[in-house]
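These are the residues of each chain, in order.
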Amino acid sequence: MPSERIIRIGVLALQGAFEEHQRSIESISSTIKTVQIRTPDQFDDIDGIILPGGESTAMGLIGDATDGLWHALRTFVHRGDKPTWGTCAGMILLAERCVGTSAVITKGQSLIGGVDILVCRNYFGSQVSSFEMHTPPPPAPCCAGEIDELRDFDTASAFPGVFIRAPAILTAG
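Residues numbered from 1 in each chain as written. Predicted model: local features only at pLDDT ≥ 70, side-chain atom pairs only at ≥ 80, totals over all residues. Heavy atoms only, no water.

Draft legend 1. Structural detail: the overall build of the chain. Looking only at helices and strands, one finds four helices and nine strands in the chain. Mapped from its N terminus to its C terminus, the chain presents α and β elements in the order β-α-β-β-α-α-β-α-β-β-β-β-β. Burial status across the chain gives 35% buried among its 173 residues. In the chain, the share of contacts with a sequence separation of at least 24, taken over all contacts with a separation of at least 6, comes to 67%. Surface summary for the chain: the accessible area is close to 10,400 Å², and the carbon and sulfur share equals 56%. (Helix = DSSP H or I, 4+ residues; strand = E, 2+ residues; numbered from the N terminus. Buried < 20%, exposed > 50% of the residue type's maximum accessible area, 1.4 Å probe, protein only. Contact = heavy atoms within 4.5 Å. Areas by Shrake-Rupley, 256 points an atom, 1.4 Å probe, with all protein chains shown as cover.)

Draft legend 2. Looking closely at the pattern of salt bridges. Enumeration over the complete set of coordinates arrives at three salt bridges. Measuring nitrogen to oxygen at the nearest pair gives 2.7 Å for the salt bridge that ties Asp47 to Arg5. With Asp47 in the loop between β2 (32–37) and β3 (48–51) and Arg5 in the segment before β1 (7–12), this pair connects stretches of sequence that are 42 residues apart. Overall, Arg5 belongs to the exposed group, its relative accessible area being 56%. One salt bridge connects Asp81 with Arg79, and the closest N-O pair in it is separated by 3.1 Å. (Salt bridge = Lys/Arg side-chain N within 4 Å of Asp/Glu carboxyl O.)

Draft legend 3. Here's a closer look at the environment of Trp85. By the secondary structure assignment, Trp85 is in strand β4 (residues 84–86). Trp85 sits in the partly exposed class, given a relative accessible area of 45%. Taking the C-alpha atoms as reference, Trp85 lies 8.2 Å from Pro52; in sequence the two are 33 residues apart.

Draft legend 4. Structural view of the nonpolar core. By size, the foremost hydrophobic cluster in this structure holds 19 residues, and its most contacted members are Leu12, Ile37, Phe43, Ile49, Trp70 and Leu73. Of all the secondary-structure elements, those providing two or more residues to this core are β2, β3, α3 (69–79) and α4 (89–94). Counting residues per element, this core draws most heavily on α3, at six residues. When residues no more than four places from it in sequence are discounted, the contact partners of Ile37 are Gly10, Val11, Leu12, Ala13, Gln42, Phe43, Ile46, Ile49 and Leu69. Membership of the second largest hydrophobic core comes to seven residues, among which are Val11, Ile25, Ile32 and Ile50. (Core = buried A, V, L, I, M, F, W, Y, C linked by side-chain atoms within 4.5 Å.)

Draft legend 5. Fine view of the side chain of Thr135. Its location among the elements puts Thr135 in strand β7 (residues 131–135). In terms of polar contacts, Thr135 uses its side chain to reach the backbone carbonyl oxygen of Met133, at 3.3 Å. (Polar contact = N/O pair within 3.5 Å; in protein donor to acceptor, adjacent residues only side chain to side chain.)

Draft legend 6. Expanded view of helix α2 (residues 56–65). By the burial criterion, the buried members of α2 are Ser56, Thr57, Met59, Gly60 and Gly63. Across the axial projection of α2, the buried residues extend over an arc of 165°, all falling on one side. Residues of α2 that are buried make contact with α3 and α4. (Arc of directions from axis to C-beta.)

Draft legend 7. Structural context of the side chain of Thr87. Looking at the element boundaries, Thr87 is found in the loop between β4 and α4. Every residue in contact with Thr87, bar those within four places of it in the chain, is listed here: His21, Leu51, Pro52 and Gly53.

Geometric values such as these leave the question of function open.
Below, the structure written as structure tokens:
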């Protein structure tokens, strides 16, 4: 029996949740392996790439300062023959256009492009607007009509909810 082909997914590893993405992707199948992408020469050996969540400002600054990395990443993405996925900050980097400012960016957010969207970097507020709170579990399908009862939920059954500033897609296409 022929061995199964190993799929190699690159995860941009400049900053952010790259290790969490690696664990999630590798848990899907033993035939999927991930590699942390930090240099331009690593793009030849991957079958797709994930740009993780994190700080788009930091990723852009590091990417711009890493010789040849942004050019290699743009080439990989714009070639369009291999899958590319961006979550949160990764989505911002893949956008063709971006609004929203950062105090440390003087020439605008560094973008890779490739996805015809306009994103707003901090659509849901600034970093100081982020917060955590106990969140009630979602109602079971059998109780969907009894949502009023959730107002007084038991915090022992709650799970931690993390509400962060996040981007939003303002237009697509």
